[in-house]
Structure formats: C-alpha cells, structure tokens
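Coordinates in review
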Amino acid sequence: TKAAEDDIRHGLVQLLKMGLMSYMARLPNASNMEIDYRLPAEQSGLPFNEIDPWNNWVFTISGNFYYSGEQSYRNLYINGGFSAKKITEEWKLSANLNGSYSYSKYSYDNTEYISETEAKNTDLLAVKSLTDHWSAGAAASFNSSTYRNYDLEASLSPAVEWNLFPYDKSTSHLFTLLYKVTPDYADYTDTTLYNKTSEFLVSQSLTASLDLIEKWGSVNMSLYGSNYFHDFSKNALYLYGSLNLRIVKGLEFNLYGNI
C-alpha cells in the first residue's frame, strides 16, 4: 500500500542520515548542527521525559490551626483550602475553595465577651488565549461571611487579561493584568447601613499578578483594586506578596504578607 511504501522510504532516509553522521562531524560548520533523540513511548516513565501525567494541573491543599489562651482569654482559628490551577498556551483555568472559623472569648470582672465568625468562598476562572499576550474569559465567585454580613454573595463576570510574557512561558514567568466588570448580587445577614437586606450592584476591578519560578525559589505578588460604578468612593485595594528561597536542599526561607 501507499502507506507502507511511505514508511519504507522514511526508514531508508533515516538510515542514510545516520550513515552520514560520521562524515558531517568532519565538516567545518559541524558545530552548527544538532542531533535529536525522540524517547520511545514505552519509556515514558523516565525522569527526562516531557510527558506530564497531571496534564499541566497543579493541586494545592492547605490548612491552618491556631489556639491560644489563659484564664481570662481563649482564641481559636481554623482555616482550610483547596485550589486547582492549569495554565497552558491555550487556557488558564483555576478553582479556589476556602473556609475559615474564628472563636474568641474574654472574661473580665464577671463579664464574658464571645465573638464567632466563619466564612466560605469559592472562586472560579476560565480564560482562553487569543494571542501570545491577550486572553478573554469569565470569572465566578460565591461567598458567605458572618464578618462581612453576607448570607450569600454571588457574581459572574466577563474578563480580559494581558500577559507581559508569552503564554508558553507561563509555567515559570507570569505577569498579568486582569480586568473584570462584575454584576454582583448580595443577600445580607442583617440590614446594612444603607437600609438594605439585599441588592444588585455592578463593579469593576483590575488585578496585577506576578509569578516567578526559578531554581533559587519563587515569587508571587498580587495587587487588586475595585470600585462600584454607582459610587466611585466605594472602593477596595488589596496587596499580597510571598517569597520562597531555597537555601540548601531541604531548607527553605518563606516570607509573606498582605495589606
């Protein structure tokens, strides 16, 4: 068949190339030539193979537990989270789920003060690459928080993202600007200062994110700003940063903070 003949011709050409390698090595411009080797599929488990069994997905599970107290004071804080992220040349997908609980109790002069807060939040993001530096997609968020007076806060918003680096470098270098216009519904636990028990508002936000992964460690920074369209004085600004330095094998230095 034609397919079989093509295979034979390809095999003969391959043998001729290999036979000519010793002669090509003697050429004056031999230093400009490269020799390539393709790993057989049955050896895909070798460490130098480029196949990723996780298909570019990165999963993170985190948790924190803190307790302190004395005769007149008790403080408990529990936090847990799960995240999944996939960044390729074509797609950026991420999901973050977090929950926290805080309890404080103070006793003084036969008087007790107790404070309890809890929060749950889910954030989803799907962004499709349009070019090497531009993407478009959508983000969704679902939150509840006793501290923020939300029984439910839900939003679904379109998003546009620009990346300084080409997306094929995103596994090690990432600097993005993400702009969103967000219709937001809020069902409040208690009546707000503006005499609202629920409302629908529209806001805009811009997030600048930097992620660097190098042999010496990693850097992650994020700056987020937002405001409501009906009143620009109602706004928020948030800055987060973390630094991870690999000092020697098995020893790392971590620094993080937020404002």
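The paragraphs below set out a description of the structure included in this document. Predicted model only: the values in this text are computed from it and were never measured.

**Some words on the sheet that holds strand β10 (residues 231-248)**
Spatially, eleven strands are ordered β1-β2-β3-β4-β5-β6-β7-β8-β9-β10-β11 in an open sheet, and the strand pairing comes out antiparallel. One side of each edge strand has no neighbouring strand; the edge strands of this open sheet are β1 (57-70) and β11 (251-258). On average, each strand axis in the sheet is tilted by 15° relative to the strand beside it, whichever way the strands run. Relative to strand β7 (residues 173-188), strand β6 (residues 150-163) runs antiparallel, the two being bridged by ten bridges. Looking at β7, one finds that Val160 is bridged to Tyr179.

**Re the nonpolar core**
Counting residues in each nonpolar core, the largest one holds five residues, listed as Leu125, Val127, Ala139, Ala159 and Leu178. Sequence-distant contacts of Leu178, that is, excluding residues within four places in its chain, are made with Leu125, Ala159, Val160, Glu161, Ser205, Leu206 and Thr207.

**Some words on the packing of aromatic side chains**
One pass over the full model with this rule turns up six aromatic pairs. With centroids separated by 6.1 Å and ring planes inclined at 35°, the aromatic side chains of Tyr106 and Tyr113 adopt a geometry described as tilted. Accessibility expressed as a relative area gives 38% for Tyr106, which makes it partly exposed. Of the aromatic side chains, those joined through ring pairs into one cluster are Trp54, Trp57, Phe59 and Phe82. Over the ring of Trp91 we find Lys128, and its NZ or CZ is 5.9 Å from the ring centre.

**Brief notes about the pairing of strand β4 (residues 111-129)**
Where strand β3 (residues 91-108) lies against β4, 18 bridges are found, and the strand directions are antiparallel. Each residue of the ladder has a partner; that of Tyr103, found in β4, is Glu116. The pairing of β4 with strand β5 (residues 134-145) spans eleven bridges and is antiparallel. In the strand pairing of β5, Thr122 is matched with Phe142.

**Concerning the pattern of salt bridges**
Scanning all chains against the criterion turns up five salt bridges. Here Glu90 and Lys128 are joined by a salt bridge, their closest N and O atoms 3.1 Å apart. Here Glu90, found in the loop between β2 (73-87) and β3, pairs with Lys128, found in strand β4; they are 38 residues apart in sequence, far enough to count as distant. Since its relative accessible area comes to 44%, Glu90 is described here as partly exposed. Looking at Lys128, the relative accessible area reads 29%, which means it is partly exposed. Among the salt bridges present, the one from Glu112 reaches Lys105, with a minimum N-O distance of 3.4 Å. The class of Glu112 is exposed, set by a relative accessible area of 52%. Lys105 gets classed as partly exposed once you look at its relative accessible area, which sits at 24%.

Rules of the game
Residues numbered from 1 in each chain as written. Predicted model: local features only at pLDDT ≥ 70, side-chain atom pairs only at ≥ 80, totals over all residues. Heavy atoms only, no water. Pairing = 2+ DSSP bridges. Helix = DSSP H or I, 4+ residues; strand = E, 2+ residues; numbered from the N terminus. Axes fitted to C-alpha atoms, helices over the stretch in contact; angles between N-to-C directions. Core = buried A, V, L, I, M, F, W, Y, C linked by side-chain atoms within 4.5 Å. Buried < 20%, exposed > 50% of the residue type's maximum accessible area, 1.4 Å probe, protein only. Contact = heavy atoms within 4.5 Å. Phe/Tyr/Trp six-rings, centres within 6.5 Å; stacked < 30°, edge-to-face > 60°. Lys NZ or Arg CZ within 6 Å of the ring centre and 35° of its normal. Salt bridge = Lys/Arg side-chain N within 4 Å of Asp/Glu carboxyl O.

Take it as geometry only, folks, not as evidence of what the structure does.
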